[in-house]
Amino acid sequence: MVLQVVVAPAQAQDSSHLGYFFQTGGAIKFSDADSKAPGYACCVVAADHYGIVVYSDLSSVYVAHTNKLLAAASKELKSPEVLDPATVCIAALAMPGVTALSLSADQLLLGCVAGSTVQVYSLPKLLHHQSDGPVHTLELGKKILQFSWCPNDVTTYLALTFDRVLVQGSLPVGFGPLADSVECACWSPDGQFVAYSSGNKLLVTAPDWRESAFTVAISPAEDEDGDGNFIVDSITWPAPNAIAASSLWHDSSNEDEPEGSDGYLLGITWTSWEGQPTAAPQGLKAMLTSYLTIQTLDEDPGCGTHEWPYLQHAYVPGWQLLVHGHRKSCDDHIRLMTFNDDEATALDQGETKLVAAVPTVDAGENFIVGMAVDFSDQESIPHPMDQEKPDVPASCILLVATLDGVLRLYRLANFQQLDAGLARQPAAVPDSLPPAFTTALAAAKVAQQVDEVGAYYANIRNSSC
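I will try to describe carefully the structure that is included in this document. (Residues numbered from 1 in each chain as written. Predicted model: local features only at pLDDT ≥ 70, side-chain atom pairs only at ≥ 80, totals over all residues. Heavy atoms only, no water.)

A closer look at the sheet that holds strand β9 (residues 100-103)
At step 1: Taken in spatial order, the 4 strands line up as β9-β10-β11-β12 in an open sheet, and their pairing is antiparallel. Lying at the two open borders of the sheet, with one neighbouring strand each, are β9 and β12 (136-139). Each adjacent strand pair in this sheet contributes to an overall mean axis angle of 20°, direction not counted.
At step 2: The sheet contact formed by strand β10 (residues 109-114) and strand β11 (residues 117-122) spans 6 bridges and is antiparallel. Bridge pairing links Val 113 to Val 118 in β11. (Pairing = 2+ DSSP bridges. Helix = DSSP H or I, 4+ residues; strand = E, 2+ residues; numbered from the N terminus. Axes fitted to C-alpha atoms, helices over the stretch in contact; angles between N-to-C directions.)

Take a look at the structure:
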């Protein structure tokens, strides 16, 4: 079932009228090494249950408490001095080339992606200084663009490889292909379904279904006409009835600049869906929330072409607020979108003093290579519009990794909601992984050993022929 939908302009509201604002919390730099993060990089994640941040600058992976980073962050935002990781980090893992990080649903397993390999770490072991080595290694055989754990099964994962094949796997069983010609993929919030894009199509399915539940062919707005094909390069599924996406024009016949300079941020929503094979969603809409100017020359964004997904994002469920940005755009780095009443609304940030500004670098523009949100900072914030009014309750810390190898921290709050913020006391990290993890990891190691033995004897047989 292929549904046709044409992008229409979204309603817009002024974010200051709704009370949203950012306050700079400082910047952290652990190394002078050039990050050279690719287009698909995802360099920061937050274990917000525990107030923990994991960050890669492509020379090492750093694990730290959010509040310690806030306390140590430099106020020199453009060029902060290098900070010794030992002064603030729980662990600093010498792992060059880690382009993506992913946390399991309970935020106790950490996947670190480098090339075709995923090193799996136990956060309890790292935080309690029991071991700084991986508890398991996944080898997918091809360079990995995306990796994500399932939200409802701590041992199941999705991975998108460089040849655009989407695979689904589990630690004890292994992995297999789910679809090909895939631009980007994500889990539904409950982990029951998978969404992925292919060209201009958005497909929704479940791992055990042979066919997709529904397919949406997304056409650009009638007044938008670019060269080549309209591609949905990135998607994320933050709320049950809402998917956010970014799209661009791609012309494979243009060898010099195959990606057009026009980009689009979309909110795709529906009012209801039965969640069954071949069942169509009701009230389906695709709304244009923002135009983008995409940097097309490689030296500007620091990555090549066809390296999507480019969308960076972090979701605040308590506000139904998506904080997002585009890897190859430097106009309004950090944007806001809400999902209320099953419809996407763009939030314009007209007040300069309320935005999360990303400074340029000496070489020119700067770009976002990762985004996450945490809720452990409980320090109230002076009212940004009127110093005579009460302080604003703490809510979120937005963590933004940028191409210059800096981790930037911003407080995100709402001055229209003075009764209570979203900040919360972080939970204590358990001493060890749950039994389900250890059982799955043991089974995965046995399966890995069987494969290695099988490969060994296969090589012997082949060499004797």
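Still more to cover.
Considerations on the side chain of Ser 104
At step 1: Mapped onto the secondary structure, Ser 104 falls in the loop between β9 and β10.
At step 2: Looking at Ser 104, its side chain comes within polar contact range of the side chain of Asp 106, at 2.9 Å.
At step 3: Beyond its immediate stretch of four places on either side in the chain, Ser 104 contacts Leu 109, Trp 149, Val 154 and Phe 437. (Polar contact = N/O pair within 3.5 Å; in protein donor to acceptor, adjacent residues only side chain to side chain. Contact = heavy atoms within 4.5 Å.)

Topic: the pattern of salt bridges
At step 1: For the structure on display, the rule yields 8 salt bridges.
At step 2: A salt bridge links Arg 408 to Asp 404, with the nearest nitrogen and oxygen atoms 2.7 Å apart. Pair check on accessibility: Arg 408 and Asp 404 agree, each one buried.
At step 3: Look at the salt bridges and you will find they share partners, linking Asp 377, Glu 379 and Arg 411 into a network. (Salt bridge = Lys/Arg side-chain N within 4 Å of Asp/Glu carboxyl O. Buried < 20%, exposed > 50% of the residue type's maximum accessible area, 1.4 Å probe, protein only.)

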